[in-house]
Amino acid sequence: MNDIKTAIEVCGVHHGFGAKGSNLHVKALLETSLSVAKGELLSLIGPSGCGKSTLLNIMGGLVSPTGGEVRVDGKTINGPMPQSIAFVFQENALFPWSTILENIDVGMIFQGVSKSERLERAHQSLKAVGLTDFANHYPGQLSGGMRQRAALARALSLETDIILMDEPFGALDEQTRMILGEDLSILLARTGKTIIFVTHSLGEAVFLSDRVAVFSARPGTIKHVIEVQEPHPRTQAFVTSDKFARLRNELYGLLHDEIRKTLSADFRLPSAAADGGRANVAAHS
Ligand SMILES: Nc1ncnc2c1ncn2[C@@H]1O[C@H](COP(=O)(O)OP(=O)(O)O)[C@@H](O)[C@H]1O
Ligand SMILES: [Mg+2]
């Protein structure tokens, strides 16, 4: 029976891209199981190419896994569920030829929301992300941080219980992402939404998450889960605390070996470091 407190259950999911046996076949995700509680913010962190986006897309019904299943509210999913799950991607997810308001509107049109309610919801979600004055601007007239706020507003307007976010602040400078992280933590405290958040930032993962799932190198699977146990909304005081530093270090320790494995699969370190490793540094800088 489904636990009423569980939002998403990933049950023995694994995935390969391309036909098995073909030289284009990529094993992207090893068997992975995970349960996400309602109202929880869970981050996925791991080396580049380890299967984080693949898992997120499978959780959102955008990719059908080679094996295993995902259950949302106890029901096995077999495609996108626009009434239950909204997405926020890294960048370029807004139509440049449409205003922010029109960009927000289009998601709700797909959901079948009435026109008057769409306008009401759009204004509410723009207010929630502090973009009320930019409803009629085009994405190109906004900063990168504001565009990501707009993408978040679009997801909020859909009023889904679950939001999946794939490195939503990944293209932004560190200061902007810190502020957006604080805002997201405040929002989470207010709305009780379930959020799965892919990031490559250790600090962002600790700051935002209730739990952080650490991936192994490709083909990835969840190697370890750490609990943050800190109430939302989180503030600057948490960032400067000993607890934050300890958790960030723990995460770094867990990730370090996996990242090293990924890199050494891509290029070989010189065994006798006669040149102090400079040849590799030069090749990859
Ligand atoms: N559509 C696709 N077709 C073929 N291979 C893919 C596709 N998407 C991802 N992959 C491969 O699957 C692996 C995992 O990718 P991805 O989930 O995007 O990693 P991450 O998000 O952790 O960086 C990578 O090796 C990538 O090249
Ligand atoms: Mg990715």
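In case you missed it, the structure is sitting above this.
Small disclaimer: the values here were computed from a predicted structure and weren't measured.

Definitions and cut-offs
Residues numbered from 1 in each chain as written. Chains lettered and ligands numbered in written order. Predicted model: local features only at pLDDT ≥ 70, side-chain atom pairs only at ≥ 80, totals over all residues. Helix = DSSP H or I, 4+ residues; strand = E, 2+ residues; numbered from the N terminus. Rg over C-alpha atoms; globule rule 2.2 N^0.38 Å. Buried ≥ 20, exposed ≤ 12 C-beta atoms within 10 Å, placed from the backbone. Contact = placed C-beta atoms within 7 Å. Near = placed C-beta within 6 Å. Nonpolar A, V, L, I, M, F, W, Y, C, P; charged D, E, K, R; others polar. Core = buried A, V, L, I, M, F, W, Y, C linked by C-beta atoms within 7 Å. Pairing = 2+ DSSP bridges. Axes fitted to C-alpha atoms, helices over the stretch in contact; angles between N-to-C directions. Right-handed = clockwise from strand over helix to strand, strands pointing away. Expected span 1.5 Å × (residues − 1). Arc of directions from axis to C-beta.

Description of the overall build of the protein chain
Per the secondary structure count, the protein chain includes 9 helices and 10 strands. In terms of C-alpha radius of gyration, the protein chain reaches 20 Å, essentially the compact-globule figure of 19 Å for 285 residues. Taking the principal axes of its C-alpha atoms as reference, the protein chain extends roughly 70 × 40 × 40 Å. Scored against the burial criterion, the 285 residues of the protein chain give a buried share of 38%. Relative to all contacts within the protein chain whose residues are 6 or more apart in sequence, the contacts with residues 24 or more apart total 70%.

As for the site of ligand 1
Close contacts around ligand 1 come from 13 residues, with F17, A28, K52, S53 and T54 the closest. Contributing elements (two or more residues each) for the shell around ligand 1: β2 (26-37) and α1 (52-59). If you tally residues by element for the shell around ligand 1, the top one is α1, at 3 residues. A per-class count over the shell around ligand 1 returns 4 nonpolar, 7 polar and 2 charged.

Overview of the nonpolar core
Ranked by internal contacts, the top residues of the largest apolar core, which has 65 residues, are M59, A155, L164, I196 and L251. Ranked by residues supplied to this core, first place goes to helix α4 (residues 144-157) with 6 residues. If we skip the residues at most four places from it in the chain, A155 touches A86, F87, V88 and I163.

Quick notes on the sheet that holds strand β7 (residues 162-166)
Taken in spatial order, the 6 strands of this open sheet run β6-β7-β8-β3-β9-β10, and their pairing is mixed. Strands at the two margins of the open sheet, each flanked by one partner only, are β6 (85-88) and β10 (222-227). For this sheet, the mean inter-axis angle between neighbouring strands, taken without regard to orientation, is 15 degrees. Of the strand pairs in this sheet, strand β3 (residues 41-45) and strand β8 (residues 194-198) are connected by 4 bridges, and their pairing is parallel. Opposite S43, over in β8, you have F197 as the bridge partner. Of the strands in this sheet, β3, β7, β8 and β9 (211-215) touch α1, which is tilted by about 155 degrees from β8. The sheet strands contacting α4 are β6 and β7, and the helix crosses β6 at an angle near 175 degrees.

A look at the pairing of β8
Burial runs high along β8: 5 of the 5 residues are buried. The sheet contact formed by β7 and β8 spans 5 bridges and is parallel. Counterpart to D166 in the pairing with β8 is V198. As a crossover connection, the stretch from β7 through helix α5 (residues 174-191) into β8 is right-handed.

Brief notes about α5
Taking 1.5 Å of rise per residue, 18 residues should cover 26 Å, and α5 covers 25 Å from first to last C-alpha, within 8% of that figure. Taken together, the buried positions of α5 are R177, L180, G181, L184, S185 and L188. Burial along α5 is one-sided: seen end-on, the buried residues are contained in an arc of 150 degrees. Facing away from the buried surface of α5 by more than 90 degrees, the exposed residues are Q175, I179 and R190. Its buried side turned inward, α5 meets β3, α4, β8 and α6 (202-208). G192 lies just past α5 and shows a positive phi near 65 degrees.

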